[in-house]
Structures are given as structure tokens and as C-alpha cells.
Amino acid sequence: MPYYQQLGSVPKHRHTLFKDESGAILYEELMGEEGFSSDSSLLYHRHIPSGVIGSRVWELPDQTLTPNHPLLPRHLRLHDLGSASDPATVDAVTGRRLVMGNGDVRLSYAWVGKTSPLYKNGLGDECVYVEKGNAVVETQFGALPVEEGDYIIIPRATIHRWVIAGGDVVQLYFMEANSHIGPPKRYLSKYGQFLEHSPYCERDLHGPSSPLLAEGTNVEVYIKHRGAGPTGVIGSIHILPTHPFDVVGWDGCLYPFTFNIRDYMPITGKIHQPPPVHQVFEGHNFVICNFLPRKVDYHELAVPVPYYHSNVDSDEVMFYVAGDYEARKGSGINKGSISLHPGGHPHGPQPGAIEASVGVERFDETAVMVDTFLPLHLGEAGMATDDGKYAESWTPGHEWTGGKWSNS
Ligand SMILES: [Fe+2]
């Protein structure tokens, strides 16, 4: 995070003896990135934060990854996953279904209606996009309400849980990094302030508003951490002697925050602007962009939909959230769809979309895009929702059946 925050009680000087009103010692913990050499916060706990009185295996949901082979662009219908399960039995930690992944990032999806267990991701930061619904994410830093259109960035190792009100259903798209996620460096000054050309700024970011304290003993925390297996991810459950929500105060530049997609100010131009103007966050070896309702290109001969492009170094994953995505018209893409355009495969508008876009002044689309430098493999949820025919959407008259192309 680029700027300093302070909540609750902290001592006048860091690393000095600190006690509560009753005279009990408060235990200082530094949570910091890159080995004391990047952003950090100091947290003051009522209990020793190292305590653990038990550990057992957490069998993660299916982490199988299947190469996109033979190579094809794909259309995945994520809403099929939500409608196939009862959200009242699904929570945002154990109920995630793996859509795609590689060694840098995993994309998962779930419709949830149940409060999750306490959880921390020991591999990297999480960016979770709220497609629909409301929830409260309770963390060691405080609680953050989230609503439709919010991204929440949760720093690595932050213990938290997703609280869902009874009867509510929340649709969540999870982007789990094996690194840290933050604003693109080119948006920031050398000291970390958002620059004038950035499409959002500090005012649009919302952290917790007060500390969150809870009591408890023998408290379970689900932990995702580095290990073996197809994604290099394994799970454990720690039993803590006391509740980890015992932070009376903290300060620093590392903490969870939300940003709503509606607060992103799209950059538009006389001719078509490339995807980097839509970038919102970045992690190691991947970027997150968003496409918002906006006025489009105003040259008298402008073609508002994208030109065909081979982004030769990236796999591109678009998650279509709202509106009509002009360039994909006629492809079967709809709200809740994902398109995967693998690196090196030229992609662009479906037939007829260019003609239909000329003269259009405004797009009403909303989409979240992840571009990765390493190839993406399909998770079990990606395999289960593949429509199997997206690749034929640029070539009317041809169908992909029985493992081969045929003229229809
Ligand atoms: Fe693209």
C-alpha cells in the first residue's frame, strides 16, 4: 500500500514496552514484505502471536491443472458453477473452485452463502472481486464491508474470514497470487503517491475503520501454504490457543483495503486505446485490468472495438461482469462468462462486431481481465464449464465436433 494508516492504540515509539490499562503487556508483531525491505505494519496483540497448540492437514479442493492442449481459445460459463450448488453450503474459503492457474496466480470462483472459517493465504496476496452481493471481511486489521464491484486486496498471511448474512448469496471471483498485488508502479511517484495520470488515487481506497477484537480459545485457522502438488499449494489447519483478532492497534503501510470498480476513471482517446490504460493492479508476472462503461473513440473513422492482436507473451482471461461486451457479440459470451485467449493466438472482434461498432459513442461493458506471462492451465471448474465451441466463433460455417473441424 502506498500510504500510512494508524488505527487503535500504538505506543509513542516503535519497539518499546507497551501495556494496556490493566498493566498487561501488548505484544508487537511486524508484518512486512520482502524481508524487512518493503511495506510493513506493526500490530499490537493482547496475546503472543506465535502460539499454536495443534496442526492437522487441510485437504484442499481439487487443485488439478490440465494444460490447454491441443491449444484453443476457450469460453467458460462460470455461472454454471454457482447454479449447480447450494450457496448455503458453500463458504469463501473451502468452497472455491479452481478455474485456471499457473505458478504465479490461481483464478477461482464460488457463489457463497455461509460464513467462512478463519483463514490465511501463506503464498501471496489475494485480490477478490465481488461480482454480486454484500459481505463483511473480518481481518486482524479490522473489518471491511464489501459490496458489488469491490475488489478487496488481502495481504499475504493476514488472518481473516468472510462473514455472510443469513440468506444472502455472494458471487466471488478469486485471484490468488504467489506474490504481492498492488497498483502499477507507473501510477506512483518515487515515494508511492498516486500520480495525476493514474485512473484512481488514495481517496478511492478504503481500509478498516477500527480495530476488531474477539475472544476465544482453541481457534482453528485454515492456512494455504507452499508445498507440493499440481499447483504447489497445500493446506494445514492450526489450532491457536487464543483468538487471533486480538490486535488493539496497528500502524504502517501494509493492510487490507477495498477499491470499487465504479471509482476507476477510464482513459479514452481519439482512436482505440490499448489494454494497459485499463490496468488497475499488478502482481509478479501478471496484471489485472478492468473495462468500464465509457465514451469511446471519437475519430471520425474510429473503430471502437479492438483491433486483432497477438499479445505474444501473455495468456488473457476476461471475466464479463455486466453490460454487453461489444467485441464479443455473436460469440456466446454473456454475463458470468470467461474467455481465455492464449498467448500468440491472434484474437479480436467476432464477425460483424467491427461494422456494428462504427459510430457507436458509448460502451456499457464491465469486465475484469487477468493477463499472465506464464501459460494458464485449466482447473477442474474451467474444464467443467468450457462451452467447447468458442474457437469456432470467428469462422462461421465451421464447427468443432468430435475433436476436429468440420464444415457445416
Ligand atoms: Fe485481447
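Residues numbered from 1 in each chain as written. Predicted model: local features only at pLDDT ≥ 70, side-chain atom pairs only at ≥ 80, totals over all residues. Heavy atoms only, no water.

**Regarding the domain arrangement of the protein chain**
Assigned domains within the protein chain: domain 1 (5-65 + 82-260) and domain 2 (261-397). Computed from C-alpha atoms alone, the centre-to-centre distance between domain 1 and domain 2 is 29 Å. Taken together, the two surfaces of domain 1 and domain 2 that pack against each other cover about 3400 Å², and 60% of this comes from carbon and sulfur. Linking domain 1 to domain 2 there are 3 salt bridges. Across the pair arginine 97 and glutamate 380 runs a salt bridge, and its minimum N-O distance is 2.8 Å. Inspection of the region where domain 1 meets domain 2 yields 21 residue pairs in polar contact (both at pLDDT 80 or more). Residue assignment for the side of domain 1 that touches domain 2 shows that the elements contributing at least two residues are β6 (97-101), β7 (105-112), β9 (126-132), β12 (150-154), β14 (170-177) and β19 (257-260). With 5 residues, the top contributor of residues to the side of domain 1 that touches domain 2 is β6. Counted by class, the side of domain 1 that touches domain 2 contains 22 nonpolar, 10 polar and 9 charged residues. (Domains from an automatic or database assignment. Buried area = accessible area lost by both parts, 1.4 Å probe. Salt bridge = Lys/Arg side-chain N within 4 Å of Asp/Glu carboxyl O. Polar contact = N/O pair within 3.5 Å; in protein donor to acceptor, adjacent residues only side chain to side chain. Helix = DSSP H or I, 4+ residues; strand = E, 2+ residues; numbered from the N terminus. Nonpolar A, V, L, I, M, F, W, Y, C, P; charged D, E, K, R; others polar.)

**A short note on the coordination of the iron ion**
Coordination of the iron ion by the protein involves His309 (NE2), Glu316 (OE) and His347 (NE2), with metal-donor separations of 1.9 to 2.1 Å. Spacing between the donor residues of the iron ion along the chain follows H-x6-E-x30-H. With histidine 309 in the loop between β22 (294-295) and β23 (315-322) and histidine 347 in the loop between β24 (337-341) and α2 (353-357), this residue pair connects regions lying 38 residues apart in the sequence. The pair histidine 309 / histidine 347 is uniform in exposure class, with both members buried. (Donors = N, O, S within 2.8 Å, 3.2 Å for Na, K, Ca; no water. Buried < 20%, exposed > 50% of the residue type's maximum accessible area, 1.4 Å probe, protein only.)

**Examining the pairing of strand β26 (residues 366-372)**
In terms of burial, β26 is largely enclosed, as 7 of its 7 residues are buried. Because side chains alternate across β26, one face comprises the buried residues Thr366, Val368, Val370 and Thr372, and the other comprises Ala367, Met369 and Asp371, equally buried. As paired elements, strand β21 (residues 286-291) and β26 share 6 bridges and run antiparallel to each other. Note that in β26 the partner of isoleucine 288 across the bridge is valine 370. Two strands pair when backbone bridges link them, and β23 and β26 are joined in this way by 7 bridges, in the antiparallel orientation. Bridged to phenylalanine 319 within β26 is valine 368. (Pairing = 2+ DSSP bridges.)

**Considering the environment of threonine 89**
Residue placement: threonine 89 occurs in the loop between α1 (79-83) and β6. The class for threonine 89 is exposed, based on a relative accessible area of 53%. Sequence separation between threonine 89 and tryptophan 111 is 22 residues, and the spatial gap between their C-alpha atoms is 9.8 Å. A polar side-chain atom of threonine 89 sits 2.7 Å from the main-chain carbonyl oxygen of aspartate 86.

**Digging into the pairing of strand β20 (residues 279-283)**
Counting buried positions along β20 gives 5 out of 5 residues, so the element sits mostly inside the fold. Counted between consecutive antiparallel strands, the loop separating β20 from β21 contains 2 residues, among which asparagine 285 sits at a positive phi close to 70 degrees.

**Notes on the pattern of salt bridges**
Evaluation of the coordinates by the stated rule reveals 13 salt bridges. The closest approach of N and O atoms between lysine 185 and glutamate 282, which form a salt bridge, is 3.7 Å. Placement of the pair is lysine 185 in the loop between β14 and β15 (205-206) and glutamate 282 in strand β20, with a sequence separation of 97 residues. What you see here is one network of salt bridges that share partners, running through Arg96, Arg106, Glu126, Glu176 and Lys224.

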